[in-house]
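# Summary of the model geometry
Chain residues, written in single-letter form:
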Amino acid sequence: MPNLKNEFPILNHYTYLNTPFTGVLSSTVHHKITALEEEYRQHGSAFMDRVEHDIISSTKLLLSEIFNADAEHIGMLNNFSTGLNLILNDMPEDAKVVLLAQDYPSVNLPVKSRTFKITEVEIDLKIYENLKSVFHYQNPDFFIFSITQFISGFQMNIDILRQLKSEFPHICFIADATQYCGTEDFDFENSPFDVFGASGYKWLNAGLGNAFFLMKPSFVDKFHFKTIGSNSLTSKPNGKPKPSGFLEPGHHDILAIARLKFALEFHYKTFGIDFIETSIKRISAQAKSHFLEFNLLDKTLIDSTSHQHIFSLEGDESFVQKLKHQGILASFRGGRIRVGFQYYNTQDHLDLLVNAFKK
């Protein structure tokens, strides 16, 4: 097992609780991508001829293996927001869409900027009952949402979502997994989601500029996606369109995707998702116990038993600066202090945060 402080040198200087803002590159990934960038600098087009196809195809195969998804229906692009907009462009203009009221702006704003008929459901302790009622009475076409909420840390229960999907199979579930992906084991084929998209720069520690979308073949076949370019084809310039080609009209940022590939290998092969999931859930459960004891959580959103790895704590913006002066990195979001626990966080990190709130 690699030494965490060697892999993530920031841990030598800070208590890093800001993964919900951005993850950090491991030393292993940094060294690999630096070597690849040097090859690109030295060899230009010869480098691209040699590695472009291999990097894209091997990354899709790796994603397929990790998440049990069809490689032909995986789209690679620069971020989640771009992919969602490309999907929304070709949804029926009068589609009925259900959103979560407090969801991430990059999820809700693109939907609201179009002509869809929108219903918003509040996130509270009755969320699943409310969703079921809306699904029953309004018969929507799409449910578009984040699995893990970016401020409160509320995490949708995938087993309950699976039950809802079985009751309402015609509703397309489109999930933003950016704050979820990489925190626990996930099987796309046996999930309730028709679309599962994530940017790589948070919990996968893959840096900026890369994202992926997993799509069920039935979803791609259901709609006529018109976005296309040379890169959308199986071979340039006269090949047939790829099933995921509407997400890939232009050339890829090969280095950004290579960084995602290296980060996935590090995350799922070097450490392994079992270790990562166990570590995150252990430290998060301990943290939640303290936060409930100190009455720092919004109990209208969060119950005592549900799992989450992101927490929204009572406090003002000046306290975030106080934490920073003590070497604890967090963020101020939604009028509260947001912290998140990654597998590289330890009991010592939690103790430092708890002691800061005690003072």
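Relevant structure appears above.
Conventions we followed
- Residues numbered from 1 in each chain as written.
- Predicted model: local features only at pLDDT ≥ 70, side-chain atom pairs only at ≥ 80, totals over all residues.
- Heavy atoms only, no water.
- Helix = DSSP H or I, 4+ residues; strand = E, 2+ residues; numbered from the N terminus.
- Rg over C-alpha atoms; globule rule 2.2 N^0.38 Å.
- Buried < 20%, exposed > 50% of the residue type's maximum accessible area, 1.4 Å probe, protein only.
- Contact = heavy atoms within 4.5 Å.
- Areas by Shrake-Rupley, 256 points an atom, 1.4 Å probe, with all protein chains shown as cover.
- Pairing = 2+ DSSP bridges.
- Axes fitted to C-alpha atoms, helices over the stretch in contact; angles between N-to-C directions.
- Patch = residues over 30% accessible without salt bridge, like charges linked within 9 Å, V, L, I, M, F, W, Y side chains within 5 Å.
- Salt bridge = Lys/Arg side-chain N within 4 Å of Asp/Glu carboxyl O.
- Lys, Arg positive; Asp, Glu negative; His and termini not counted.
- Charge placed at Lys NZ, Arg CZ, Asp CG, Glu CD.
- Parallel < 35°, antiparallel > 145°, perpendicular 65-115°, else oblique.
- Left-handed = near helix turned anticlockwise from the far one by under 90°.
- 1 Å grid on protein atoms, 1.4 Å probe; cavity = no way out; pocket = protein on both sides within 12 Å on 5 of 7 lines; lining within 4 Å.
- Points joined across faces, edges and corners; volume = space filled by probe spheres on them.
- Nonpolar A, V, L, I, M, F, W, Y, C, P; charged D, E, K, R; others polar.

With that settled, the discussion passes to the overall build of the chain. Check the secondary structure of the chain and you find 12 helices and 12 strands. In terms of C-alpha radius of gyration, the chain reaches 21 Å, essentially the compact-globule figure of 21 Å for 359 residues. Considered along the principal axes of its C-alpha atoms, the chain spans approximately 65 × 60 × 35 Å. Here the chain, with 359 residues, has 54% of them falling under the buried criterion. Considering only contacts in the chain between residues 6 or more positions apart, those separated by 24 or more positions represent 67%. If you sum the accessible surface of the chain, you get close to 15700 Å²; carbon and sulfur atoms cover 51% of it.

The strand order E2-E8-E7-E6-E5-E3-E4 describes an open sheet built from seven strands, whose pairing is mixed. Strands at the two margins of the open sheet, each flanked by one partner only, are strand E2 (74-77) and strand E4 (117-121). Taken over all neighbouring pairs, the strand axes of this sheet differ in orientation by 15 degrees on average, direction set aside. Here strand E7 (residues 195-199) pairs with strand E8 (residues 211-215) via five bridges, running antiparallel.

Side chains of Asp70, Glu72, Asp185, Asp187, Glu189 and Asp274 sit close together on the surface and give a patch of like negative charge. Within the secondary structure layout, Asp187 lies in the loop between strand E6 (172-176) and E7.

With that out of the way, let us pick up the pattern of salt bridges. Note on pairing: side chains with opposite charge can pair once their charged atoms come close. Applying the stated criterion across every chain, the model contains 14 salt bridges. Of the charged contacts, one joins Glu120 and Lys112 as a salt bridge, the two residues approaching to 3.2 Å between their closest N and O atoms. Among the residues examined, Glu120 registers a relative accessible area of 38% and is labelled partly exposed. One continuous salt-bridge network, built from bridges that share partners, spans Lys60, Lys242 and Glu248.

It is worth spelling out the sheet that holds strand E12 (residues 336-340) at this point. Remark on secondary structure: sheet strands pair via backbone hydrogen bonds, oriented parallel or antiparallel. Spatially, three strands are ordered E9-E12-E11 in an open sheet, and the strand pairing comes out antiparallel. Two strands in the sheet have a free side with no partner beyond their single neighbour: strand E9 (310-313) and strand E11 (331-333). Across the sheet, the mean angle from the axis of one strand to that of its neighbour is 35 degrees, orientation sign disregarded. Relative to E12, E9 runs antiparallel, the two being bridged by four bridges. What sits directly across from Phe311, in E12, is Val339. Each of E9 and E12 is contacted by helix H10 (residues 273-293), which is oriented at about 15 degrees to E9, the strand it contacts most.

Here helix H6 (residues 127-138) crosses helix H7 (residues 158-167) at 15 degrees, and the two axes come no closer than 11 Å. Between H6 and H7, the angle falls in the class roughly parallel. Handedness of the crossing formed by H6 with H7: right-handed. Across the interface between the two elements, Tyr128, Leu131, Lys132 and Phe135 from H6 touch Ile160, Leu164 and Glu167 from H7.

Attention now goes to the environment of Ala206. One can find Ala206 in the loop between E7 and E8. The exposure class of Ala206 is buried, given its relative accessible area of 0%. In this view, Ala206 contacts Leu25, Gly200, Tyr201, Arg259, Leu260 and Ala263; residues no more than four positions away in its chain are not counted.

Using a probe with the size of a water molecule, rolled over the atoms, empty space left in the structure can be pinpointed. Estimates place the volume of the largest pocket at around 520 Å³. In terms of residue class, the lining of the largest pocket is built from five nonpolar, seven polar and five charged. Its volume calculated, the second largest pocket comes out at about 420 Å³. Forming the boundary of the second largest pocket are 23 residues, of which Tyr128, Gln155, Met156, Asn157 and Ile158 lie nearest the centre.

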